[in-house]
Amino acid sequence: MAGTASPGLVWVLIEHRGGWPPNGFEGLDLEAGTKALVSSAARMAGARVLLVRKPGPRPRHGPKRWAVLRYHSSGDYQQLWGSWEQDADLAGIVPALASPGNPGLPPVILICAHGRHDPCCAVRGRPVGRALSELWPELVWECSHVGGDRFAANAVVAPDGVYYGGLDVESSVATIKSHLAGRIDAGYLRGYTDLSPPQQAAIAAVLGRFGPAGRHDYQVTETQHQIGENLGEGERWRIHVTGRPPHPAHIEVELQARRSPAYQLTCLAPSAGSVMVYQPTSIRSA
């Protein structure tokens, strides 16, 4: 799974309690002008728009919520929340995307449960969402497609920008409990959304070797890319990672990237497909 987190620094969450179309927000039957306004502003901000709803029984009526979540490479997280009843109320997302937002709020835990995009996400994601919401009801939301259906159940902690995958009820509780305590473990980690796939895989390798660490305890400071000289060697990466005390100060990770054999990637995939896999070949600390 390492190296498979979808890139992104900004998320727009829109609570929608009914059924979700296969293509999420774009498929909703909303007032056309407002929908176009929100879509355009999100594209300009490089934001990902996700539909969300609370796990379990949901009220049919009453105001719904929206949010803009933003990650900064400095480690600052910002959020801005609003509510909507009429379609036109969603226009409030547009100025929110240009606002710095509020720091210091707890993270949002998003569990992909988008069954009409891929049934695996609903079958595996909904039990995880229910279990987590029993422990952290204010933090947990089901969400629409986040990428990587083959890793269901998937969880995204935002605006931290941390993807986890391959979760079940037991492992999700342990993983999120550790995350909220400031310890990210490599076991179910897909990656950090502010890093490239090989950089994500390098951080996962470091966490696997040296143990859990905080979101910003390791930083990627240099990335070198090489193409193999011989047929079949694939691509190679050398990535330098610096750590904060008490973690190792300097770590060199070497990776080899190769295409996987073709296989059924998702429940709805019409044919077998192949993906890039980043395999650590060397991890050295100084």
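Residues numbered from 1 in each chain as written. Predicted model: local features only at pLDDT ≥ 70, side-chain atom pairs only at ≥ 80, totals over all residues. Heavy atoms only, no water.

Considering the sheet that holds strand S11 (residues 218–227)
Backbone hydrogen bonds are what pair the strands of a sheet, in a parallel or an antiparallel way.
Consideration 1: Strands sit in the order S11-S12-S13-S14 across an open sheet of 4 strands; the sheet is antiparallel. This sheet does not close on itself; its edge strands, each paired only once, are S11 and strand S14 (276–285). The mean angle between the axes of side-by-side strands here comes to 20°, regardless of whether they run parallel or antiparallel.
Consideration 2: Judged from the 9 bridges that link them, strand S13 (residues 250–259) and S14 form a sheet pairing that is antiparallel. Bridge assignment links Arg259 to a residue of S14, and that residue is Met276. (Pairing = 2+ DSSP bridges. Helix = DSSP H or I, 4+ residues; strand = E, 2+ residues; numbered from the N terminus. Axes fitted to C-alpha atoms, helices over the stretch in contact; angles between N-to-C directions.)

Points about the sheet that holds strand S4 (residues 77–84)
Consideration 1: Reading across from one edge, S5-S4-S3-S1-S2-S7-S6-S8-S9-S10 is the order of the 10 strands in this open sheet, with mixed pairing throughout. Two strands lie at the open edges of the sheet, namely strand S5 (102–103) and strand S10 (189–192), each paired on one side alone.
Consideration 2: For S4 and S5, the ladder comprises 2 bridges, and the chain directions are antiparallel. Across the sheet, residue Gln78 finds its bridge partner in S5, namely Pro103.
Consideration 3: Its contacts with the sheet put helix H4 (residues 169–180) on strand S6 (108–112), strand S8 (155–158) and strand S9 (162–164), and the angle it makes with S9 is roughly 160°. (Contact = heavy atoms within 4.5 Å.)

A short note on the packing of aromatic side chains
Consideration 1: Under the definition given, this model contains 2 aromatic pairs.
Consideration 2: One cation-aromatic arrangement involves Arg53 over Trp20; the distance from NZ or CZ to the ring centre is 3.7 Å.
Consideration 3: Cation over ring: Lys64 sits above Trp84, and NZ or CZ is 4.3 Å from the ring centre. (Phe/Tyr/Trp six-rings, centres within 6.5 Å; stacked < 30°, edge-to-face > 60°. Lys NZ or Arg CZ within 6 Å of the ring centre and 35° of its normal.)

Side note on the pairing of S8
Consideration 1: Burial along S8 is two-sided: the face carrying Ala155 and Val157 and the face carrying Val156 and Ala158 are both buried.
Consideration 2: Both S6 and S8 contribute to a ladder of 4 bridges, which runs antiparallel. Among the inter-strand pairings, Val108 is bridged to a residue of S8, identified as Ala158.
Consideration 3: Sheet topology note: the S8/S9 ladder contains 3 bridges and is antiparallel. Residue pairing for S9: Val156 is matched across the bridge by Tyr163.
Consideration 4: Taking the residues between adjacent antiparallel strands as the criterion, S8 and S9 are bridged by 3 residues, where Gly161 takes a positive phi near 75°. (Buried < 20%, exposed > 50% of the residue type's maximum accessible area, 1.4 Å probe, protein only.)

Points about the environment of Gln219
Consideration 1: Here Gln219 is to be found in strand S11.
Consideration 2: Gln219 sits 52 residues away from Leu167 along the chain, and the two C-alpha atoms are 26 Å apart.
Consideration 3: Leaving out residues up to four positions away in the same chain, Gln219 has contacts with His240, Val241 and Thr242.

Digging into helix H3 (residues 119–135)
Consideration 1: Between its first and last C-alpha atoms H3 spans 25 Å; for 17 residues at 1.5 Å apiece the expected length is 24 Å, and the two agree.
Consideration 2: Roughly 35° is the biggest bend found in H3, and it falls at Gly125, with proline Pro127 one to four residues downstream.
Consideration 3: Where H3 is buried, its residues meet S6, strand S7 (140–143) and H4.
Consideration 4: At the N-terminal boundary of H3, the capping side chain belongs to Asp118, with an oxygen 3.0 Å from the backbone nitrogen of Cys120. (Expected span 1.5 Å × (residues − 1). Bend = angle between axes of the 7 residues up to and from the residue. Polar contact = N/O pair within 3.5 Å; in protein donor to acceptor, adjacent residues only side chain to side chain.)

Considering the pattern of salt bridges
Consideration 1: Scanning all chains against the criterion turns up 5 salt bridges.
Consideration 2: Taking the shortest distance from any N to any O, the salt bridge between Glu15 and Arg17 comes out at 3.2 Å. In terms of burial, Glu15 and Arg17 fall into one category: buried.
Consideration 3: The closest approach of N and O atoms between Arg215 and Asp194, which form a salt bridge, is 2.8 Å. Separated by 21 residues along the polypeptide, Arg215 in the loop between helix H5 (197–210) and S11 and Asp194 in the loop between S10 and H5 bring together distant segments of the chain.
Consideration 4: You can call Arg215 buried: its relative accessible area is 10%.
Consideration 5: For Asp194, a relative accessible area of 30% translates into the label partly exposed. (Salt bridge = Lys/Arg side-chain N within 4 Å of Asp/Glu carboxyl O.)

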